[in-house]
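Residues per chain are reported as follows:
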Amino acid sequence: MARVDFYRLTRDPAERVLPAVAARILAEEARLLVVAESAMQRQAIDEALWSLQPASFLPHGAAGTPDEAIEPILIAGTLLSPAPNGARHVALADGTWREEALAFDRAFLFFDNSRLDNARATWRTLSAAKLAEIHFWKQDDRGRWSEGP
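The model shown is predicted, which means the values in this text are computed figures rather than measured ones.

Chemist: Can you break down the packing of aromatic side chains residue by residue, with the values?
Modeler: Scanning all chains against the criterion turns up eight aromatic pairs. Both rings, one in phenylalanine 6 and one in phenylalanine 111, keep their centres 6.4 Å apart while their planes meet at 80°; by these two values the pair is edge-to-face. Here the residue phenylalanine 6 occupies a position in strand 1 (residues 2-8), and phenylalanine 111 occupies one in strand 6 (residues 106-111), the gap between them amounting to 105 residues. Each member of the pair, phenylalanine 6 as well as phenylalanine 111, is classed as buried. Ring plane angle 65° and centroid distance 5.1 Å describe the contact between phenylalanine 6 and tryptophan 123, whose orientation is recorded as edge-to-face. Taken together, the positions of phenylalanine 6 in strand 1 and tryptophan 123 in helix 3 (residues 116-129) put the pair 117 residues apart, joining distant regions of the chain. Judged by its relative accessible area of 1%, phenylalanine 6 is buried. Within the aromatic cluster, the residues linked to one another by ring pairs are Tyr7, Phe108, Phe110, Trp137 and Trp145.

Shown next, in the form of C-alpha cells:
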C-alpha cells in the first residue's frame, strides 16, 4: 500500500519546501520524480534544487533529456509511471492529485490554500477506499513542520 503525505503550504511555496524533502529521500539512497505542470514552477524547482541549500547541491535533471534515467531527482510536467529514473517516490508539487501516484511507494502532495478543497476531497477519497496510508503535515509560522490534522 502506498503512503501519501499531504503538505499544506501556508507559509512557503513548494519550491522552498521540496528541497528538504528531496534531501531526505536522497539520504535514503532513493530517487524522486517531481511533477509540476507549469513550466515556470518547474524552473523555480530547478533553481531551488541548485541553490536553496547552499551547503549541498541536490543532483537533478529534466524529464525528456538523454540523462533522465540516471538523475536521482527528475523534474517532469506530467506524471510518468514508471518513472524514467526508477523513482519510487513522487512529489506532486503543483497541488494536483493524480491517481497514478498510487503506483509509487510514497507520494507527496504539496498544496496551498487555493487547492485546499481539492486536497480535502482527495483525502476523503483515499480514506474511504483505504487506498493508501495517509498523513497530513502543516507548517507553523517559523517554517517548522508537524504532523496533525
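Here the narrative resumes.
Chemist: Could you give an account of the pairing of strand 7 (residues 132-139), with specific residues and numbers?
Modeler: Two faces belong to every sheet, and in a regular strand the side chains alternate between them. Within strand 7, six of the eight residues are buried, which leaves the element mostly enclosed by the surrounding structure. Pairing of strand 1 with strand 7 involves seven bridges; the strand directions are parallel. Bridging from a neighbouring strand, alanine 2 pairs with alanine 132 of strand 7. One ladder, built from three bridges, connects strand 7 with strand 8 (residues 145-147); its direction is antiparallel. Counted as the bridge partner of lysine 138 is serine 146 from strand 8. Here strand 7 hands over to strand 8 after five residues, with glycine 143 in that stretch at a positive phi of 90°.

Chemist: I'd like a description of helix 3, backed by residues and values.
Modeler: For an α-helix, the turn length of 3.6 residues means that residues three or four places apart are oriented alike. Along its 14 residues, helix 3 runs 20 Å from first to last C-alpha, staying within 8% of the 20 Å computed at 1.5 Å per residue. Those residues of helix 3 that are buried lie in contact with strand 1, strand 6 and strand 7. Following helix 3 by one or two positions, lysine 130 adopts a phi angle in the positive range, close to 50°.

Chemist: Describe the environment of proline 82, naming the residues involved and giving the relevant values.
Modeler: Note that proline 82 resides in the loop between strand 4 (73-76) and strand 5 (89-92). Along the primary structure proline 82 and alanine 103 are separated by 21 residues, whereas in three dimensions their C-alpha atoms are 8.1 Å apart.

Chemist: Help me get a handle on the sheet that holds strand 7, residues and values and all.
Modeler: Strand order across the open sheet formed by eight strands is 3-4-2-5-6-1-7-8, with mixed pairing between neighbours. Two strands bound the open sheet, and with one partner strand each, they are strand 3 (60-62) and strand 8. In this sheet, adjacent strand axes meet at a mean angle of 20° when their direction is disregarded. Here helix 1 (residues 14-27) sits on the sheet and contacts strand 1, strand 2 (32-35), strand 4, strand 5, strand 6, strand 7 and strand 8; the angle it forms with strand 6, its principal contact strand, is near 165°.

Criteria and cut-off values
- Residues numbered from 1 in each chain as written.
- Predicted model: local features only at pLDDT ≥ 70, side-chain atom pairs only at ≥ 80, totals over all residues.
- Heavy atoms only, no water.
- Phe/Tyr/Trp six-rings, centres within 6.5 Å; stacked < 30°, edge-to-face > 60°.
- Helix = DSSP H or I, 4+ residues; strand = E, 2+ residues; numbered from the N terminus.
- Buried < 20%, exposed > 50% of the residue type's maximum accessible area, 1.4 Å probe, protein only.
- Pairing = 2+ DSSP bridges.
- Expected span 1.5 Å × (residues − 1).
- Contact = heavy atoms within 4.5 Å.
- Axes fitted to C-alpha atoms, helices over the stretch in contact; angles between N-to-C directions.

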